[in-house]
Amino acid sequence: PSPPPPPPSPPPPPPPGVAPQPQLPFAQPTASQLPLPTGGLAQSQQLLPVQGPLPNFTPAMVPPLPFPAGQPPLPPPQQQSQPMPPMSQPPMPVVQQTVVQTQMLQPSQQQLQQPPPPPAPPGQMTSMPQMPPPPPPLPPPPPMQPPPPPPAPPLPPSVGEAGGYHYYSNDGQHICASMVAQHQAGWMQCQSWLVGNHQRLSAAQLPPSGRCAAASSGRCEPMRSSDGFCSSCAESSSKEFRQAKELAMSPKTRAVYKDFSHTLRSKETQGKGMHFARQLAQRCMGELPEAVHWRVHLEMADLSKREKNFSEARRLYRLATALQPAAPQTWLEYAKMEEERGHFDRCQRILTAALHHCPYHEALMLKGIKHLERMGDLRTARALLGQLQTVPINQSWRTLLEGALLEARAGQTDTARRIFKFLLQQAPWYGPVWHEACRFEQRCNHAQEALSVAERGLMQLPRYGPLWFCTLRLHECTAGRHELMRATRLLVERGVRHISKDLVWKLWFESAQVEERNGHLLRARAAYVKSVATCAANLRWKVWLGGARTELCHSQFAVSQALLERAHEESPPKTRAIVMLEQSRLHELCGNVEQARKLLRGARKTNRQEWKVFLESVLLELRSQNVERALREARKALDVHRGTGRLWAVLIQLEHAQGVRQQLRVFQQALLEVPKSGEVWCEGARICLNPFSDCFNLEAAHHFLDFAIEFTPQYGDSFIEYLRLQMLMQSPDDEIERLWQLCINAEPNYGTLWFHCKSSVLLTTRQVMRGATELLARELEEFRPVYEAAMRRSQTLEFRAAATAAVTAALGKTVESAEAAARTMPPLEVAAEASAEPADFVTGSVVLNRMHRSIEALSFDEKRALIYGGDMIVP
């Protein structure tokens, strides 16, 4: 037998005055098991074994908790843990479990009082102390069962045009299942995507045992992979990963390609021609791997398109899509070029192939839906939207939002409202959803409903800026005069506490304008001061500009001039021309035209890139009744800004004194330079709508206005001229209603005639169109003899042939003969009681045209509205 181990050395005696510690019959705790002198989270773990240092606890380690739509977010977690909900076997707290285990290991008081056993004789084994038997193990808790699937959502009540607060503010479970029964909603009727989407999103996040995480969609197989997804879902995920990996570039490759892109877009390379660009591309492709060559082809295709070499651009786009069909930007640029060229069928084929290679890509889906809507194929657009049944809401909400806007533009307001409700309940964390829903109700003339949606959106997303500005405007439109300012001030104070710091200045700016519109000048000045105090240095000039206009409305010319000088000092060099333009308008309003010309001349020299300064120079001379000088300024402006449609439009108006033939020649030249300018097409329609014109042709005007609305829907004058045309042609009510719907969807924001009808910034598009209808009805009734005489003259064969030939020649389809150009039409015979001249019908409003020719006879408010009526101050 082996010799016995040496006896353990006795412990050192305790120091004097200290009681001796009893010898425990088990090992002492190691350093890693000692209590931690920390608090907080470690305090509940101070008796647990520590394996290394504790990890740093961050709030990002806690998964986000969903909460019902429309409810405020949950409060931040406290340092002390919250009690867990009761289960079948209530769990024991961590600290209590540790204390129980320690008590089980410690000896009892009787064991400590017993004397130690005598030492064993030599040659015998020492017996281990007897340990108490361990307690029986606790029974395991029953396995957690997955929650049962939610019941089918009940059908919500049908909502008519009047809307209702209950529709958006119910319990959130009444989703749009009844949309399936709507015969207009074909994209929901065919796919039933909305009910399936709701059931999938409402199910538990944890997949059931043996099923895929996406099994609630109803098309997944049993799991065959270890990551919790079925084979089809795993294959789709791996495909996306492979596509992303193919489109990625290494740092070295990215640097080479970036250098090539900057060199190709430089002015020096563009001046050397296309041959040099091709050589540069060939050298770059020699340095880049073959997998990145499609990017070079894409850059060269864009350059060829800008050089108007469309056949070469088409060849390069095809080559790029063949090399890398998984790149969506190549398909988008290719489709955009074909759409701009007017090849709509080819564009649709490109988008179809793109969605085959990049299914459910957001930008491609949006482009396809808008293209189908433009072609009038709403059924195919809805079928395309129906394919989003299996796409998660965080990847499809933008496309679904476009679907809601599509239904709104098509006049299906009830269907659009149901889709908006679905988005607000399933994706309430996206600010654009709330904002677009609010704007939708506002366009439907439901201000109270829009305000309720905006308020609920602010509870959900208190830092989303556009909702605060929309709510502020809606309060001004809906509240009574005695309640308006109180509600506005409370809203602004609340918004300042929640909104992003970068937008606090804009909130005070809007508040100042509300105060000024309600006659509180001192409070408006105080709000402007707060706006300046919270504004960035490069944006203060906008606040000074807004304050100058406020002081001008109250005839404080000296204060307005001082504020404009302050804005000129603090404005950046690129925007200084806008301040100088505003200064020139103030001098013109005060009668100092020469000083206004001097300021505009200096602005044209220092900021040649700002076309608005050139346009203001032309309008200044036009209001001063100096037509010849205005013509010279317009031609000089077009030498610098050849591609600006508004400059071409004002030149066509100024050529009215030279005759219709000269106007048509300028119109033809403008179409060659800016064929997609809605302002130019609108001026062509005005030529054909002038009853004194030799080209009075309502059919041609109808054709021109269709192009104007299609190319530039933001230009409000086109819609008012279209309204005048329909009233002259006595169009049916359904066509007039369609025009109103187009205008409401477009929401025009500029135009001299548009702002003449929009007397207040609070007026909606419907109200502006209503005011324009009343204005045109009065003028058409007053000048009915003039229009009737023009229509009688246009019915003659000679006049119709000459007018058609002139319009066709202006469009470049035929060449007008010299005999036809020299032919003079008989003058318009008008009754003596109808006192009118050709200059009264240059635009759609006779009153506005006469105001431009007699500006000195106007009152101060009318003169100010005419000078400043072309735009609005928007920060």
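Residues numbered from 1 in each chain as written. Predicted model: local features only at pLDDT ≥ 70, side-chain atom pairs only at ≥ 80, totals over all residues. Heavy atoms only, no water.

Caption draft 1: Fine view of the overall build of the chain. Tallying secondary structure elements over the chain gives 42 helices and zero strands in all. The 875 residues of the chain split such that 41% are buried. Once local pairs closer than 6 in sequence are excluded, the contacts in the chain between residues at least 24 apart make up 61%. (Helix = DSSP H or I, 4+ residues; strand = E, 2+ residues; numbered from the N terminus. Buried < 20%, exposed > 50% of the residue type's maximum accessible area, 1.4 Å probe, protein only. Contact = heavy atoms within 4.5 Å.)

Caption draft 2: A look at the packing of helix α37 (residues 765-782) against helix α38 (residues 784-794). Contact pair α37 / α38: the axes reach a minimum separation of 5 Å and the direction vectors enclose 70°. The angle between the axes of α37 and α38 places the two elements in the roughly perpendicular class. Two secondary-structure elements touch here, α37 through Leu780, Glu781 and Glu782 and α38 through Arg784, Pro785 and Tyr787. A breakdown of the residues in the contact of α37 with α38 according to their chemical character gives three nonpolar, no polar and three charged. (Axes fitted to C-alpha atoms, helices over the stretch in contact; angles between N-to-C directions. Parallel < 35°, antiparallel > 145°, perpendicular 65-115°, else oblique. Nonpolar A, V, L, I, M, F, W, Y, C, P; charged D, E, K, R; others polar.)

Caption draft 3: Summary view of a negative patch on the surface. A contiguous patch of negative charge, built from Asp733, Asp734, Glu735 and Glu737, is present on the exposed surface. Considering the arrangement of structural elements, one finds Glu735 in helix α35 (residues 733-746). (Patch = residues over 30% accessible without salt bridge, like charges linked within 9 Å, V, L, I, M, F, W, Y side chains within 5 Å. Areas by Shrake-Rupley, 256 points an atom, 1.4 Å probe, with all protein chains shown as cover. Salt bridge = Lys/Arg side-chain N within 4 Å of Asp/Glu carboxyl O. Lys, Arg positive; Asp, Glu negative; His and termini not counted. Charge placed at Lys NZ, Arg CZ, Asp CG, Glu CD.)

Caption draft 4: Summary view of the packing of aromatic side chains. For the coordinates displayed, the defined rule picks out 16 aromatic pairs. Note on Trp505 and Phe509: the rings are 6.4 Å apart at their centroids and 70° apart in plane angle, and the pair reads as edge-to-face. In this pair, Trp505 and Phe509 are both assigned in helix α22 (residues 504-517), four residues apart and thus about one turn of the helix distant. With 5.2 Å between their ring centres and 45° between their planes, Tyr715 and Tyr750 make a pair best called tilted. Of the two residues, Tyr715 is situated in the loop between α33 (698-711) and α34 (716-729) and Tyr750 in the loop between α35 and α36 (752-757); the sequence distance between them amounts to 35 residues. Each member of the pair, Tyr715 as well as Tyr750, carries the same accessibility label: buried. Lying across the ring of Tyr257, Arg295 places its NZ or CZ 5.9 Å from the centre. Lys506 extends its terminal NZ or CZ atom over the ring of Phe469, reaching a point 4.9 Å from the ring centre. (Phe/Tyr/Trp six-rings, centres within 6.5 Å; stacked < 30°, edge-to-face > 60°. Lys NZ or Arg CZ within 6 Å of the ring centre and 35° of its normal.)

Caption draft 5: Representation of the environment of Pro328 within the structure. Mapped onto the elements of the fold, Pro328 is located in helix α12 (residues 328-340). A relative accessible area of 9% means that Pro328 is categorised as buried. Pro328 sits 23 residues away from Leu351 along the chain, and the two C-alpha atoms are 9.9 Å apart.

Caption draft 6: Main features of the pattern of salt bridges. In the structure shown here, the tally under the stated rule is 45 salt bridges. A salt bridge links Glu721 to Arg724; the shortest N-O distance between them is 2.7 Å. You can see Glu721 and its partner Arg724 sitting in helix α34, three residues apart, about one turn around the helix. Of the two residues, Glu721 and Arg724, neither departs from the other in class, the shared state being buried. Here the salt bridges share partners, and the residues they tie into one network are Arg549, Glu582, Arg585, Glu588, Glu616 and Arg623.

Functional significance is not addressed by these values, which are geometric in nature.
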